[in-house]
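# Coordinate analysis (summary)
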Amino acid sequence: MFYYEPTVTLLARPAFVEPQHLPVNWIGESTDGERLAEFAGRLCYMSQRNPASRTTRDYLENIKRQGHGSVLEHASYSVLLEGVSRSLTHELVRHRAGFAYSQLSQRYVDESQANFVVPPAIVGDEALEGAWRGQVEGAQRSYVTLVEQLMERYGWVTDKVHRRKMAREAARGVLPNSTETKIVVTANARAWRTMLELRSSEGAELEIRRVAIAILRLLQAEASAFFSDFEIYQAEDRREAGRIAFHKV
Ligand SMILES: Cc1cc2nc3c(=O)[nH]c(=O)nc-3n(C[C@H](O)[C@H](O)[C@H](O)COP(=O)(O)OP(=O)(O)OC[C@H]3O[C@@H](n4cnc5c(N)ncnc54)[C@H](O)[C@@H]3O)c2cc1C
């Protein structure tokens with residue numbers, strides 16, 4: 001199977017439990033994640049009374065404008081990414097601060113039926129796509145042969161799980177960067193903002209840029225006050241890109 005688009009699924013969002021002894025005078029619609037951040041910000045100045053009569057959206061807008069982004073760190077969102085390539089996740093995991101990852105293991109999981117992600121720049125050109133498919137399918141055949149041969153070579157290893165792991169970890173060396181993978185990514189809203197700013201920009205690699213735009217849309221729908229200053233636009237290269245008003249809060 002060949003992937004032409006990623007799948008991004010929200011797995012987890014914050015559940016805010018307001019303490020009865022410190023109620024906030026909330027104004028306007030908001031989600032648990034946004035309230036958690038506002039609660040944390042207001043605690044700093046004990047301003048739960050909300051003297052400026054700000055909506056949660058306005059309050060968080062001001063937090064971003066002032067660069068007090070540390071309160072955004074309380075709200076974490078987890079997403080499941082599927083239909084993304086190993087080259088994408090190699091770039092993604094460079095984002096460290098505030099991020100957690102769990103990725104499909106090529107040592108434990110058999111890749112003889114693995115799927116592949118067509119690089120966005122190749123999509124739509126039949127000749128290029130045909131040549132690319134030939135290469136990745138050939139690599140997969142080599143992988144299958146190598147696993148079989150390595151299982152024979154290490155036949156003396158009695159623990160079959162360990163033997164399979166030895167075979168797969170060596171054979172995966174011939175699999176291409178385009179091999180599909182799955183990864184669970186958790187990050188707080190501040191960390192997501194930094195990653196999305198960098199990876200939705202025109203300078204980012206096309207596949208991770210496409211994923212960043214998809215995650216941005218999902219998080220904007222989920223907790224718009226955290227991501228309202230991002231704008232998605234059509235770039236000169238005819239692909240979507242993102243830009244932000246408040247850089248690295
Ligand atoms: C268009 C593009 C091209 C790239 N090309 C390459 C490339 O060719 N080769 C390559 O290796 N990488 C490349 N990268 C990855 C890049 O160098 C970063 O590793 C990646 O963007 C993660 O950024 P970060 O370190 O700011 O993120 P995070 O690790 O999430 O850190 C976020 C912020 O926290 C602070 N921080 C985190 N860790 C530390 C620390 N140890 N000390 C001090 N402050 C810290 C910094 O302010 C940092 O910006 C590229 C990235 C982009 C967007």
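To be clear, the structure that these remarks concern was listed above.
We now turn to the structure provided with this report.

Helix and strand content of the chain: 8 helices and 8 strands. Across its three principal axes, the chain shows a C-alpha extent of roughly 75 × 50 × 25 Å. Counting across all 249 residues of the chain, residues that qualify as buried make up 45%. Taken together, the 32 basic and 32 acidic charged side chains of the chain have centroids lying 5 Å from each other.

This paragraph deals with the packing of helix H4 (residues 126-153) against helix H5 (residues 160-171). Packing of H4 against H5 leaves a shortest axis separation of 9 Å and a crossing angle of 140°. By the angle between their axes, H4 is oblique relative to H5. Seen from above, H4 lies across H5 with right-handed handedness. Across from Tyr143, Leu146, Val147, Leu150 and Met151 in H4, the residues of H5 making contact are Arg163, Arg164, Ala167, Arg168, Ala170 and Ala171. Classifying every residue of the contact of H4 with H5 gives 8 nonpolar, no polar and 3 charged.

As a general point, the strands of a sheet are linked pairwise by backbone hydrogen bonds and lie either parallel or antiparallel. Taken in spatial order, the 4 strands make up an open sheet running S2-S3-S6-S4, and their pairing is antiparallel. The sheet is open, and its two borders are formed by strand S2 (7-12) and strand S4 (99-103), each paired with just one other strand. Strand-to-strand twist in this sheet, taken as the mean axis angle between neighbours without regard to direction, amounts to 20°. Two strands pair when backbone bridges link them, and S4 and strand S6 (residues 180-188) are joined in this way by 5 bridges, in the antiparallel orientation. Paired with phenylalanine 99 across the two strands is alanine 187, which belongs to S6. Together, strand S3 (76-85), S4 and S6 form the strand contacts of helix H6 (residues 189-199), whose direction differs from that of S6 by roughly 125°.

Another point: the side chain of threonine 89. Structurally, threonine 89 can be placed in helix H3 (residues 86-92). For threonine 89, the contacting residues outside a window of four places in its chain are Val84, Gln103, Thr181 and Ile183.

The next thing to look at is the packing of aromatic side chains. Enumeration over the complete set of coordinates arrives at 10 aromatic pairs. Three or more aromatic residues link up through ring pairs in this structure, and these residues are Tyr77, Phe226, Phe227 and Phe230.

A few words on unusual backbone geometry. Phi at methionine 46 takes a positive value of approximately 50°, unusual for a residue other than glycine. Examined against the element boundaries, methionine 46 turns out to sit in the loop between helix H1 (32-45) and helix H2 (56-66).

Now for the environment of threonine 145. Relative to the helices and strands, threonine 145 resides in helix H4. Here threonine 145 falls in the partly exposed class, since its relative accessible area comes to 37%. Expressed as a C-alpha distance, the spacing of threonine 145 and arginine 133, which sit 12 residues apart in the sequence, is 18 Å.

Take the site of the ligand next. Near the ligand the following residues occur: Arg94, His95, Arg96, Ala97, Leu198, Arg199, Gly203 and Lys248. One of the side-chain N or O atoms of arginine 94 is found 2.6 Å from an oxygen atom in the ligand. Within the side chain of arginine 96, one N or O atom sits 2.7 Å away from an oxygen atom of the ligand. Relative to its unbound accessible surface of 930 Å², the ligand loses 45% to contact with the protein. Here the shell around the ligand is composed, by residue class, of 2 nonpolar, 2 polar and 4 charged.

So, about the pairing of S3. Taken across its 10 residues, S3 has 8 buried, putting it largely inside the fold. The sheet contact formed by S2 and S3 spans 5 bridges and is antiparallel. When the bridges of S3 are listed, alanine 12 appears paired with serine 78. By the bridge criterion, 8 bridges tie S3 to S6 in an arrangement that is antiparallel. Residue valine 84 lies in a different strand from S6, and its bridge partner there is threonine 181.

Turning to the environment of glutamate 197, a few remarks are in order. You can see glutamate 197 is positioned in helix H6. Judged by its relative accessible area of 18%, glutamate 197 is buried. Separated by 12 residues in the primary sequence, glutamate 197 and arginine 209 place their C-alpha atoms 9.8 Å from one another. One polar contact links the side chain of glutamate 197 to the main-chain amide nitrogen of lysine 248, over a distance of 3.5 Å.

So, how was this worked out
Residues numbered from 1 in each chain as written. Predicted model: local features only at pLDDT ≥ 70, side-chain atom pairs only at ≥ 80, totals over all residues. Heavy atoms only, no water. Helix = DSSP H or I, 4+ residues; strand = E, 2+ residues; numbered from the N terminus. Buried < 20%, exposed > 50% of the residue type's maximum accessible area, 1.4 Å probe, protein only. Lys, Arg positive; Asp, Glu negative; His and termini not counted. Charge placed at Lys NZ, Arg CZ, Asp CG, Glu CD. Axes fitted to C-alpha atoms, helices over the stretch in contact; angles between N-to-C directions. Parallel < 35°, antiparallel > 145°, perpendicular 65-115°, else oblique. Left-handed = near helix turned anticlockwise from the far one by under 90°. Contact = heavy atoms within 4.5 Å. Nonpolar A, V, L, I, M, F, W, Y, C, P; charged D, E, K, R; others polar. Pairing = 2+ DSSP bridges. Phe/Tyr/Trp six-rings, centres within 6.5 Å; stacked < 30°, edge-to-face > 60°. Near = heavy atom within 4 Å. Polar contact = N/O pair within 3.5 Å; in protein donor to acceptor, adjacent residues only side chain to side chain. Areas by Shrake-Rupley, 256 points an atom, 1.4 Å probe, with all protein chains shown as cover.

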